[in-house]
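Here's the letter readout for the chains.
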Amino acid sequence: MDLIHYPKLKMSCKSLDPNLSVMLKDHGYKIGKYFGEGSYSKVYEAYKFYPNGRFGRVACKVINCRKASKEYVEKFLPRELDILKQLCHTNLVHVYDILETSNQVLIFMEMCSTGDLLDYITNKGHLSEYRTRHLFHQIVTAVQYIHSNDLSHRDLKCENILLKDELTVRITDFGFARSCRDKYTNQRILSDTFCGSAAYAAPEILQGLPYNPKMYDVWSLGCILYIMLTARMPYDDSNITKMLYVQLHAILSFPTKSEFKISHDMKKFIMHLLEPDVTRRATINQVYTELTQLPPITPQNCVKPKNSVQKLTGKKSIGQAEMDYLRMKLKKCKIPHNF
């Protein structure tokens, strides 16, 4: 939690349960400005106060149990809260506290001020293969950790990938996460609930078949990777029937060389994640292995960088300039790297 010190602070919590005020004070929290909302929740800026007069800036997700569906309140929400208490990984959004009343649940978590991956790509455009590998490696290690705990996320999408800064990601929103084993028999169980967004849904989900939730996560990772590299969706979800046909026939178009270059090895890697036959699709451990074994990126494989990267060009190639820029940012953020 980043500690900061401001002399004054305006608070806004009009939509919160009045009974929460005492609980918030007891835990040292105050709610700040409104950020946005989902189906059953709103997100606020919040502050955690400490006895020494300092305070940290956090995000607060407020879930309204009165507006949520009965299934969500009784099934998905308790499961999400239980899973959040189990997980702890560098690239999962860190949860500091969970406060509950009869009508609302407040989840205080790490603030990721750079926003989500979708907004970032929408504003900045597609990422170079060099930078994509760095960010995607973090996403994969986080999902690998989730799967190693016999859990699955089931709603992986660019909106649920937050950026702590331009070089660090955090996975969030475990509303559809679940265990992959029966707690009584310890046997692997399949899912039959349609979860997540259709644009990231694997063909077995769209067909309404019982599915392996971990393999669903891998398919979603393939969609995320494609979006990072191209700034476009891999499939058009405006027509689900047509989308399913395209998925089952492994039809996926990549940008032409005149637009920008994506290496052959990266394309092959993406297709292994977006394999319609679930028995041939990569597992998360295979995803990690294949990602780390991709041939090194050369300056010629980097796309033309923008904005501040251009200041470094000089007599170097554009690709080499981007590498130098990213090394500089990584060093400044004290992030280990071997590029």
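Above this note sits the structure.
This is a predicted model, so every value here is computed, not measured.

1. A short note on unusual backbone geometry
- At Asp 173, a residue that is not glycine, the phi angle is positive and equals roughly 60°.
- Checked against the element boundaries, Asp 173 lands in the loop between β9 (168-171) and β10 (178-179).
- Here Asp 173 falls in the partly exposed class, since its relative accessible area comes to 27%.
- Although it is not a glycine, Ala 231 adopts a positive phi angle of roughly 60°.

2. Focus: the pairing of strand β5 (residues 95-100)
- In the sheet, β5 pairs with strand β6 (residues 104-109) via five bridges, with the strands oriented antiparallel. Residue pairing for β6: Val 95 is matched across the bridge by Met 109.
- What sits between β5 and β6 in their antiparallel hairpin is a turn of three residues.

3. Structural notes on the nonpolar core
- Core analysis: the largest hydrophobic core is formed by 74 residues, its most contacted members being Phe 136 and Ile 139.
- No other element matches the 11 residues that helix α6 (residues 213-230) contributes to this core.
- Sequence-distant contacts of Phe 136, defined by excluding residues within four places in its chain, comprise Leu 221, Leu 225, Met 228, Phe 269, Leu 273, Val 287 and Leu 291.
- Counting residues in hydrophobic clusters, the runner-up holds 12 residues, among them Leu 20, Leu 24, Tyr 29 and Phe 108.

4. Some words on the environment of Gly 196
- Its place among the elements puts Gly 196 in the loop between β10 and α5 (203-206).
- By relative accessible area, which is 23% here, Gly 196 ends up partly exposed.
- Distance from Gly 196 to Asp 155, taken between C-alpha atoms, is 4.4 Å for residues 41 residues apart in sequence.
- The contacts of Gly 196, once residues within four sequence positions are left out, are Arg 154, Asp 155, Phe 176 and Tyr 216.

5. Side note on the side chain of Glu 275
- Position of Glu 275 relative to the elements: it lies in the loop between α8 (264-273) and α9 (284-292).
- Within the buried set, Glu 275 has no salt-bridge partner at all; the shortest N-O distance to an opposite charge, 4.5 Å, is to Arg 280.
- Aside from chain neighbours lying at most four places away, what touches Glu 275 is Trp 219, Arg 280 and Arg 281.

Rules used in this analysis
Residues numbered from 1 in each chain as written. Predicted model: local features only at pLDDT ≥ 70, side-chain atom pairs only at ≥ 80, totals over all residues. Heavy atoms only, no water. Helix = DSSP H or I, 4+ residues; strand = E, 2+ residues; numbered from the N terminus. Buried < 20%, exposed > 50% of the residue type's maximum accessible area, 1.4 Å probe, protein only. Pairing = 2+ DSSP bridges. Core = buried A, V, L, I, M, F, W, Y, C linked by side-chain atoms within 4.5 Å. Contact = heavy atoms within 4.5 Å. Lys, Arg positive; Asp, Glu negative; His and termini not counted. Salt bridge = Lys/Arg side-chain N within 4 Å of Asp/Glu carboxyl O.

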